Amino acid sequence: MTLLQRVDSPEALRALPEEALPALCAALREEIVTVCGRVGGHLGASLGAVELVVALHRVFHSPKDALVFDVGHQAYAHKLLTGRRGRMHTLRQEEGVAPFLDPAESVHDAFGAGHACTAVSVALGMAEAMAERGSLQRVVAVVGDGGLTGGLTFEGLNNAGASPHPLVVVLNDNGMSISSNVGAVARLLKSAAARDFFEALGFTYLGPVDGHALSELLPTLAEARRARRPVLVHVRTEKGRGFLPAESDRATRGHAMGPYEWRDGKLVRSRGGHATFSEAFAEALGRAMEADARVVAVTPAMLEGSALTGLKARFGERVHDVGIAEQHAVAFSAGLAAGGARPVCLLYSTFLQRAMDQLVHDVVLPGLPVTLAIDRAGLVGADGATHQGSYDIAWLRALPSLRLYVPVVGADVEPMLATALGGTGPAALRFPRGTLRQRGGCWPRPGLARRWWPSGRWRWRRWRRRGHWKAWRCWTPGWCRRWTRRPSTQRATRAAW
Ligand SMILES: Cc1ncc(C[n+]2csc(CCOP(=O)(O)OP(=O)(O)O)c2C)c(N)n1
């Protein structure tokens, strides 16, 4: 029986002698690398948090004590230690182990998440509820330094620092968000002023401790558990720790990797990389930035996902990474537009939910020329329920004067962006996560047009007139919209539905 087979619960972990913990950490790392190699996943964050997770389960008694992980992408070791090891190969698949944490999956998942910056608020709420019940159990929020770039975390810290509850906030500081972390707080965390900062907010500050040294982690967390007031434990970790390809990935330290395999001594993604809508959009945006110096890009911590790293290298300060701060990203874009710039704010559909009010209040109401690039619109697959881009059409269509463009093929992107930037008010392009079709247009086979017949069946027909392919898509019998296949500004305008 392997060590991991024996240690399949927090009780079994606490029963181990302390000398066995380094071997346990090594086995957890190996398992995480193997699982991610097979099915892909959030590798870097989980590798960096192995010792931290082991120490948390050693000192706190889950599920009585609640461990609330921000996002939940760093918690694969937690999954492995709480009875899910045998099913980890089903991670991120239908009916499989959840991509993040899910209380329906395990009593040890105190709260589900997927979007960043919720942990401190949720944990404080739980601590309040426990105090009202007279419970002496502890609540721990585990939040990354990236999570400190989001306003919601600070709203929670503001509330918690003035509360009497013995909330433990563990700051897992690896210097990284998905890319390198940004902003003044990230700078502050590198300095000795971090202590003053958190103490001024009302926390007892413990640390900084080496997050890979159990000899430092265990006594510090035990001290935090004994405290009778809010405590912040500052833990320094290395993202991707223990797996060379992740450690040497300077851009993201192996944040999230698709399945991979060794080929000729090199680690490679096992699936071929076709061009994506994100890349097509970034390419079109690059040309727009070249042509018009007023065009700038804004991203809330998604340089990599939005394919903006090339533009960042080319245009430097004209590409703004503002941290995990969607509300700020949209309000900041409104300010840029008010100041005469032509901002393009790139967000994932699911994360744009955070900035609904800024869009209504700061962009649409004053009618500012902000263009949103809404990536991962529609169903996104493996990241699960929290990441589906299901609602944007419903709520964006309710906003007066916002022009909504939906590119269907890669060739649509550039004219649509040009039309959006050429307008005088707010606009949004929404596009899916999918890769671009390699040949032909939006129809399954080039040269085929489709028509919905009132009988309810899709029929495929060739339809050619005046040298253009044309298609009619009937939403209800008697009401049709005509599309031509030629990418043109005219088409871009017509497709804005
Ligand atoms: C609201 C929101 N925006 C963006 C993301 C995408 N995202 C997932 S993890 C992550 C980085 C988190 O950084 P940090 O909290 O420091 O954790 P680390 O990965 O460094 O361990 C980001 C930006 C998200 N999950 N939620």
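Up top is the structure.
Parameters and conventions
Residues numbered from 1 in each chain as written. Predicted model: local features only at pLDDT ≥ 70, side-chain atom pairs only at ≥ 80, totals over all residues. Helix = DSSP H or I, 4+ residues; strand = E, 2+ residues; numbered from the N terminus. Buried ≥ 20, exposed ≤ 12 C-beta atoms within 10 Å, placed from the backbone. Contact = placed C-beta atoms within 7 Å. Axes fitted to C-alpha atoms, helices over the stretch in contact; angles between N-to-C directions. Parallel < 35°, antiparallel > 145°, perpendicular 65-115°, else oblique. Nonpolar A, V, L, I, M, F, W, Y, C, P; charged D, E, K, R; others polar. Near = placed C-beta within 6 Å. Pairing = 2+ DSSP bridges. Core = buried A, V, L, I, M, F, W, Y, C linked by C-beta atoms within 7 Å. Domains from an automatic or database assignment. Right-handed = clockwise from strand over helix to strand, strands pointing away. Expected span 1.5 Å × (residues − 1).

Asks: So what exactly am I meant to see when it comes to the overall build of the protein chain here?
Replies: Helix and strand counts for the protein chain stand at 20 helices and 18 strands. Evaluated residue by residue, the protein chain yields a buried proportion of 47% over its 497 residues. When contacts within the protein chain are restricted to residue pairs at least 6 apart in sequence, those whose partners lie at least 24 apart make up 72%.

Asks: Explain the packing of helix α15 (residues 326-338) against helix α17 (residues 356-364) to me, please; I cannot follow it from the model alone.
Replies: Pairs of packed helices are described in terms of their axes, by the angle between the two and the distance that separates them. Axis separation between α15 and α17 bottoms out at 9 Å; the angle between their running directions is 5 degrees. By the angle class used here, α15 and α17 are roughly parallel. Within the contact between the two elements, α15 uses Gln327, Val330, Ala331 and Ala334 and α17 uses Gln358, Leu359, Asp362 and Val363. For the contact of α15 with α17, a count of residues per class yields five nonpolar, two polar and one charged.

Asks: Sorry, what's going on with the environment of alanine 27 here?
Replies: The residue alanine 27 is located in helix α3 (residues 21-39) in this model. Alanine 27 gets classed as partly exposed once you count the C-beta atoms within 10 Å, which come to 17. Apart from residues no more than four positions distant in its own chain, alanine 27 is found in contact with Thr2, Leu3 and Leu4.

Asks: For this particular structure, what's the right way to read the site of the ligand?
Replies: In the region of the ligand, 22 residues are neighbours, and Ala45, Ala116, Gly144, Gly146 and Gly147 sit closest. Its residues assigned to classes, the shell around the ligand shows eight nonpolar, nine polar and five charged.

Asks: I'm lost on the sheet that holds strand β5 (residues 231-236) in this one. Help?
Replies: Where strands meet in a sheet, backbone hydrogen bonds hold them as pairs that are either parallel or antiparallel. Spatially, β1-β2-β3-β5-β4 is the arrangement adopted by the five strands of the open sheet, whose pairing is parallel. Of all the strands in the sheet, just β1 (66-69) and β4 (204-210) have a single pairing partner and so form its edges. Going from strand to strand, the sheet's axes swing by 20 degrees on average, the running direction of each strand aside. By the bridge criterion, six bridges tie strand β3 (residues 168-173) to β5 in an arrangement that is parallel. Within the sheet, the bridge partner assigned to leucine 171 lies in β5 and is histidine 234.

Asks: I'm lost on the nonpolar core in this one. Help?
Replies: Taken as a class, soluble globular proteins show a tendency for nonpolar side chains to be buried jointly. Val68, Ala77, Ala123, Val140 and Ala141 are the most contacted members of the largest nonpolar core, which has 134 residues in total. Two domains each provide a minimum of three residues to this core, namely domain 1 (3-262) and domain 2 (277-437). Leave out the neighbours within four places in its chain, and alanine 77 touches Leu28, Ile32, Ser46, Ala49, Val50, Val53 and Val54.

Asks: I keep staring at the pairing of β4 and nothing clicks. Help me out?
Replies: In the case of a regular strand, side chains alternate between the two sheet surfaces. Two elements, β4 and β5, share five bridges in a ladder whose sense is parallel. Among the inter-strand pairings, tyrosine 205 is bridged to a residue of β5, identified as leucine 232. Following the backbone out of β4, through helix α11 (residues 214-226) and into the adjacent parallel β5, one traces a crossover that is right-handed.

Asks: Help me understand the pairing of β3 in this model?
Replies: Among the six residues of β3, six are classified as buried, and the element is accordingly described as predominantly covered. Of the two faces of β3, both are covered, the one formed by Val168, Val170 and Asn172 as well as the one formed by Val169, Leu171 and Asp173. What joins strand β2 (residues 139-144) to β3 is helix α8 (residues 151-161), and the crossover it makes is right-handed.

Asks: Please explain the sheet that holds strand β11 (residues 371-375) as it appears in this structure.
Replies: In spatial order, the strands read β9-β8-β10-β11-β13-β12; together these six strands make up an open sheet with parallel pairing. The sheet is open, and its two edges are formed by β9 (319-321) and β12 (403-405), each paired on a single side. With direction set aside, neighbouring strand axes in the sheet form an average angle of 20 degrees. Each of β8 (295-299) and β10 (342-348) is contacted by α15, which is oriented at about 165 degrees to β10, the strand it contacts most.

Asks: Honestly, unusual backbone geometry in this entry has me stumped. Any pointers?
Replies: Note: most peptide bonds trans; most residues except glycine with negative phi. Cis geometry marks the peptide bond from serine 62 to proline 63; its omega dihedral reads 10 degrees. Checked against the element boundaries, proline 63 lands in the loop between α5 (50-59) and β1. Going from glycine 207 to proline 208, the amide bond is cis rather than trans, its omega being 0 degrees. Relative to the assigned elements, proline 208 resides in strand β4. For serine 401, which is not glycine, the phi torsion reads 75 degrees and is therefore positive. Locating serine 401 in the fold gives a position in the loop between α18 (392-396) and β12. Residue serine 401 is classed as partly exposed on the basis of its C-beta count, with 13 C-beta atoms lying within 10 Å.

Asks: Looking at this structure, I do not really get helix α13 (residues 277-291). What am I missing?
Replies: Structurally, the α-helix is built with 3.6 residues per turn, so residues lying three or four positions apart point the same way. Compared with the 21 Å implied by 1.5 Å per residue over 15 residues, the 21 Å span of α13 between its first and last C-alpha is a close match. Buried-residue contacts for α13 involve β8, α14 (309-315), β10, β11 and α19 (410-422).

Asks: Explanation requested: the environment of serine 390 in the structure shown.
Replies: One can find serine 390 in the loop between β11 and α18. Residues serine 390 and threonine 350 lie 40 residues apart in sequence; the distance between their C-alpha atoms is 7.6 Å.

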